[in-house]
Amino acid sequence: MQNLSGELIVVGCLPDIEPKKLKKIFNGRTISTKNLNFIDNYFPENTIKFKDISDSDVISEGITQTQVNKGINMIPLISKTYSHLQKNIIKHLFNRHLLLYLYPHEKNNYHVRISWGCLGSCTYCAIRKAIGTLKSKPIDDCINEFEIGLKQGFKNFIITADDVGAYGVDIGYTFPQLIERLSSFKGEYKISIQDFDPKWIVKYIDDLDGIFKKNRISSINVALQSGSKNILKLMNRYNDIGKISDAIQRLRNSNNDFSLDTHFILGFPSETREDFHQTMKFVIDNGFDMGFIYRFSLRSNTKADKIEPKTPQDELDYRMLTGMKILKNHKYKVLSLSKNSFYSFYK
Ligand code: SF4
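As the structure is a prediction and not an experimental result, all values here were calculated from the model.

**What about the packing of helix α8 (residues 139–151) against helix α9 (residues 175–182)?**
- Where α8 contacts α9, the two axes come as close as 10 Å, and the packing angle between them is 30°. Looking at the two axes, α8 sits roughly parallel to α9. Relative to α9, the crossing made by α8 is right-handed. In contact with Ile139, Cys142, Ile143 and Phe146 of α8, α9 contributes Leu178, Arg181 and Leu182.

**Here's the deal with the site of the ligand**
- Around the ligand, the structure places Cys118, Gly120, Ser121, Cys122, Cys125, Ile127, Arg128, Asp162, Asp163 and Asp197.
- Here the residues of the shell around the ligand are counted per class, giving four nonpolar, two polar and four charged.

**What to know about helix α10 (residues 198–213)**
- Its 16 residues place the ends of α10 only 19 Å apart at the C-alpha level, less than the 22 Å of an ideal helix rising 1.5 Å per residue.
- Considering bend angle alone, the principal kink of α10 is centred on Ile205 and spans about 85°.
- Residues of α10 that are buried include every one of Pro198, Lys199, Trp200, Ile201, Leu208, Ile211 and Phe212, and no others.
- At its buried positions, α10 is contacted by α9, β9 (190–196), β10 (217–225) and α12 (241–254).
- In the segment just after α10, Asn215 is the residue with positive phi, at about 65°.

Rules behind the numbers
- Residues numbered from 1 in each chain as written.
- Predicted model: local features only at pLDDT ≥ 70, side-chain atom pairs only at ≥ 80, totals over all residues.
- Axes fitted to C-alpha atoms, helices over the stretch in contact; angles between N-to-C directions.
- Helix = DSSP H or I, 4+ residues; strand = E, 2+ residues; numbered from the N terminus.
- Parallel < 35°, antiparallel > 145°, perpendicular 65-115°, else oblique.
- Left-handed = near helix turned anticlockwise from the far one by under 90°.
- Contact = placed C-beta atoms within 7 Å.
- Near = placed C-beta within 6 Å.
- Nonpolar A, V, L, I, M, F, W, Y, C, P; charged D, E, K, R; others polar.
- Expected span 1.5 Å × (residues − 1).
- Bend = angle between axes of the 7 residues up to and from the residue.
- Buried ≥ 20, exposed ≤ 12 C-beta atoms within 10 Å, placed from the backbone.

In structure tokens form, the structure reads like this:
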């Protein structure tokens, strides 16, 4: 990109996560994920300000699901770049059949981002530096954006954020209050909840129980990360495994008609084989419908770097392969999405 004639501005997490590495190859202007409104400072001549543009329905900065559905022919350059990126991501990371299996109605999805940033400080996480602390979108804006999607005829609503369950803590609301209102419109539509930290399920289980009974939720992705109390402690995450399991089972008992999804990491520093088996057991015992397994990979300048011992690469191979076998033995289909570092499983 530096060979092109225009000025290159690097936007996203990289300037905060890897500032030294970036400096070695790039000396220009940057915009951090947590300060996207800087776009307005860099382009003062723009008559429509970035801060005034609603981000509902945005699936990638500047590209909306509606645009994708229309083939994004309004902006040929973005269209070209996006389809090129999309093709490569699918080619290198995903199995297309899996994508279509998992997201058969992708074209009908409407995304509503409800907040930015998170309240966590997980020891393996690098993006926290780039996304900053929680900033919830005003509840009326979330509702208005949702209604716009409904009026446009969308049926599948994806509620997304960096820390979905934390919604509202900074503005005097709670996630259940928001989802209750989003579930109360008339008509046939479903809501999918992304990346839900288990601590919020435990905290809000009484409210969520009632909401799930209404049969509006099509899926919830529980960001488990590990089924071992010890490892969750070292990850600096909520670690009452018993309460997490009880809350998940309560949701299941409220309504069986939703997909219970998860993702977790294998091989976090100091994870023993017993910790590994606890994680696998947790996933199987709690009857998750689908999920992703990530092989631990150390991110620069994270606290996990100081946790010893690191899991050797051959042991990481063993856990990834054994994890896959255990799931297969429990009737899951497993797909390797990236050579023993990223698996997907589903029933
Ligand atoms: S993993 Fe998620 S919750 Fe934890 S610090 Fe990173 S963004 Fe926040």
